Amino acid sequence: MRQMEESNMTRIEPMELEIVSHFHPEAGYYPEEDTTSPQMTKEEWLEKISKLKKGALPFIKLFEKHEEEYMNNGSVRFHIWEDGTGYLEKLGDFSEIHLFKKTKGLGMVIPEDIGFETIGKLDEAVKLPHFVLLNSMIRRLEGIIGDKFMESGSENLKKKLESMPSYMKFLLLSMKNSYTDVHIDFSATSVFYHVHTGRKIFYVAPPTEENLKAYEEWERWEKGTEREVWLGKKLFDQWTRIEISAGQTLMMPSGFIHFVFTPEDCVVIGGNFLLDRFLKLQFRLSKLEESCLELYRTSPTGQINETHTFEGFRNVMWATIEFYLIPQLIENPKKKELIEMGMIFLEEMNAGQRISQDWYSEEEKKAILEKLKGVMPRVSNRRHLENLALEPVAKKPK
Ligand SMILES: O=C(O)CCC(=O)C(=O)O
Ligand SMILES: [Fe+2]
């Protein structure tokens, strides 16, 4: 989740396109730090930046002085490609980060001209990368529900279409020296991130079990109590630095921990999307967000609210079971991919859980779970699943 305080962000949501802008209200309110010492070692530098308020001017000044030299200690593999030609194969199972120097072949359209005159038409003008169109869970759901709505004209389906979470396109405006602190994108969504103007620097660490645990602890911090050591410090040996210049596009899979520095005024078009293949991790992060919301609801010094999370995540999961998974399982009862999804849903979905803007009543949720159980083969455990003679996974084009 992204936290407002440290990232200095505001958001406006004009229709579908989310606009995020970074600014520095605090610039100039801090006394000048002495950042001139030429022989500051890596350790001294880390010690100092860890203690400064993240994103405030003294931090930024000192950070940018040595970030290139000192903030690249990890070994996260990322691939750099000239362009997106044949990229669906290049991404493979999309377990690693990819940087495309040119947009050709990505199937993505980003208008050259982004300004006050064109901003109203931006949502329409931006076309998502093929990979997102083919694999996004929300895109798939919109397709299925959209078709059903065309047939039936049902008000209920219309309501779902109208309140479908829309995080697949955002416009992000950041002033030079903006900074977004360590986080995982909400609900462990994957992201495409195209720098239109300016430059961005990402520092990334992999979603290993150990790192996820450290992140969970860090996120559950309660305002007013002393926060654990800055995660940037804790994971210091792992950060891999990825610079993204104008015209380049980053594609980052689910769960990568990252923080971001903006060395020049910057315009970015990007989008977050959910994928079947990362269902488990998406649930893990969504549950973390739910527990943080709960924690902060009960604490007077609330640290995050719903707008920092993927609003409607549970709605999308219920609807995916109802409109996609159950019909698919009826048609293909032996598809391993579908059975695995079903197992995760049965483990993670709870009919008693209420969320704001619920699409389903408790009774409806119970009925969905019963129906899912009814169409799942009897798989008592994972080993049993491995032994079943299941059909190989086939990619279903949308
Ligand atoms: O560009 C930035 O500063 C932050 C980008 C990012 O990681 C996000 O929006 O989740
Ligand atoms: Fe992010």
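For the structure, check the block above.
Reading the values: rules and limits
Residues numbered from 1 in each chain as written. Chains lettered and ligands numbered in written order. Predicted model: local features only at pLDDT ≥ 70, side-chain atom pairs only at ≥ 80, totals over all residues. Helix = DSSP H or I, 4+ residues; strand = E, 2+ residues; numbered from the N terminus. Buried ≥ 20, exposed ≤ 12 C-beta atoms within 10 Å, placed from the backbone. Contact = placed C-beta atoms within 7 Å. Axes fitted to C-alpha atoms, helices over the stretch in contact; angles between N-to-C directions. Parallel < 35°, antiparallel > 145°, perpendicular 65-115°, else oblique. Left-handed = near helix turned anticlockwise from the far one by under 90°. Nonpolar A, V, L, I, M, F, W, Y, C, P; charged D, E, K, R; others polar. Expected span 1.5 Å × (residues − 1). Core = buried A, V, L, I, M, F, W, Y, C linked by C-beta atoms within 7 Å. Domains from an automatic or database assignment. Pairing = 2+ DSSP bridges.

J.: Outline the overall build of the protein, supporting the account with residue identities and numerical values.
T.: Broken down by element type, the protein carries 15 helices and twelve strands. Buried positions account for 34% of the 398 residues belonging to the protein. For the protein, the share of sequence-separated contacts (at least 6 apart) that also reach a separation of at least 24 residues comes to 75%.

J.: How would you sum up the packing of helix 11 (residues 279-297) against helix 13 (residues 336-348)? Please name residues and give values.
T.: One way to put it is that helix 11 packs onto helix 13 with a least axis distance of 10 Å and a crossing angle of 15 degrees. Of the possible angle classes, the one that applies to helix 11 and helix 13 is roughly parallel. Like other packed secondary-structure pairs, helix 11 and helix 13 cross with a definite hand, here right-handed. The residues of helix 13 that touch helix 11, namely those facing Leu279, Lys280 and Phe283, are Met341, Ile344 and Glu348. Classifying every residue of the contact of helix 11 with helix 13 gives four nonpolar, no polar and two charged.

J.: Before we move on, can you summarise unusual backbone geometry with the specific residues and values?
T.: Working note: non-glycine residues mostly have negative phi, and peptide bonds are mostly trans. In this structure, Phe94 takes a positive phi of about 55 degrees despite not being glycine. Residue placement: Phe94 occurs in the loop between helix 4 (87-91) and strand 4 (97-100). For Gln357, which is not glycine, the phi dihedral falls at a positive 60 degrees. Relative to the helices and strands, Gln357 is located in the loop between helix 13 and helix 14 (362-375).

J.: Report on helix 11, specifying residues and quantitative values.
T.: Side chains of residues three or four places apart in an α-helix project in the same direction, reflecting 3.6 residues per turn. In a regular helix each residue adds 1.5 Å, so 19 residues correspond to 27 Å; helix 11 covers 26 Å between its end C-alpha atoms and thus fits that length. Taken together, the buried positions of helix 11 are occupied by Leu279, Gln282, Phe283, Leu285, Ser286, Leu288, Glu289, Cys292 and Leu293. Where helix 11 is buried, its residues meet helix 9 (209-219), helix 12 (313-331) and helix 13.

J.: Go over the nonpolar core, please, and point to the residues and values.
T.: Side chains of a nonpolar character, in soluble globular proteins, are inclined to be buried together. Ile138, Phe202, Val204, Leu250 and Ile257 are the most contacted members of the largest nonpolar core, which has 76 residues in total. Among the elements that take part in this core, helix 12 stands out by supplying seven residues, more than any other. Each of domain 1 (4-131 + 164-277) and domain 2 (312-398) contributes no fewer than three residues to this core. Each residue touching Ile257, except ones within four places of it in the same chain, is listed here: Val182, Ile184, Val204, Ala205, Pro207, Asn211, Tyr215 and Leu235. Residues Trp81, Tyr87, Leu106 and Met108 belong to the second largest nonpolar core, which totals five residues.

J.: Help me get a handle on the sheet that holds strand 9 (residues 240-245), residues and values and all.
T.: Backbone-to-backbone hydrogen bonds join strands into a sheet, with any given pair of strands oriented parallel or antiparallel. In space, the four strands of this open sheet follow the order 6-11-8-9, with antiparallel pairing throughout. Since the sheet does not close on itself, it has two edges, and those belong to strand 6 (179-183) and strand 9, each with one partner. Averaged over all pairs of adjacent strands, the angle between their axes in this sheet comes to 20 degrees, without regard to strand direction. Here five bridges tie strand 8 (residues 199-205) to strand 11 (residues 257-261), and the two strands are oriented antiparallel to one another. What sits directly across from Val204, in strand 11, is His258.

J.: Summarise the environment of Ser187; cite the residues concerned and give the values.
T.: Looking at the secondary structure, you find Ser187 in the loop between strand 6 and strand 7 (190-197). What makes Ser187 buried here is the crowd of 30 C-beta atoms within 10 Å. Each C-alpha atom of the pair Ser187 and Phe273 lies 9.4 Å from the other, and the pair is 86 residues apart in sequence. Dropping the residues within four chain positions of it, Ser187 is found in contact with Leu274, Gln282, Leu285, Ser286, Glu289, Phe310 and Phe313.

J.: Just give me the short version of the packing of helix 7 (residues 137-152) against helix 12, but keep the residues and values in it.
T.: When two helices pack together, their arrangement is captured by the angle between the axes and the distance separating the axes. It is at 10 Å that the axes of helix 7 and helix 12 come closest, and there the two elements cross at 50 degrees. The orientation of helix 7 with respect to helix 12, classified from their angle, is oblique. Helix-helix and strand crossings are classified by hand; for helix 7 and helix 12 the assignment is left-handed. In this structure, helix 7 contributes Met137, Ile138, Arg140, Leu141, Ile144 and Ile145 to the contact, and helix 12 contributes Val316, Ala319, Thr320, Phe323 and Tyr324. For the contact of helix 7 with helix 12, a count of residues per class yields nine nonpolar, one polar and one charged.

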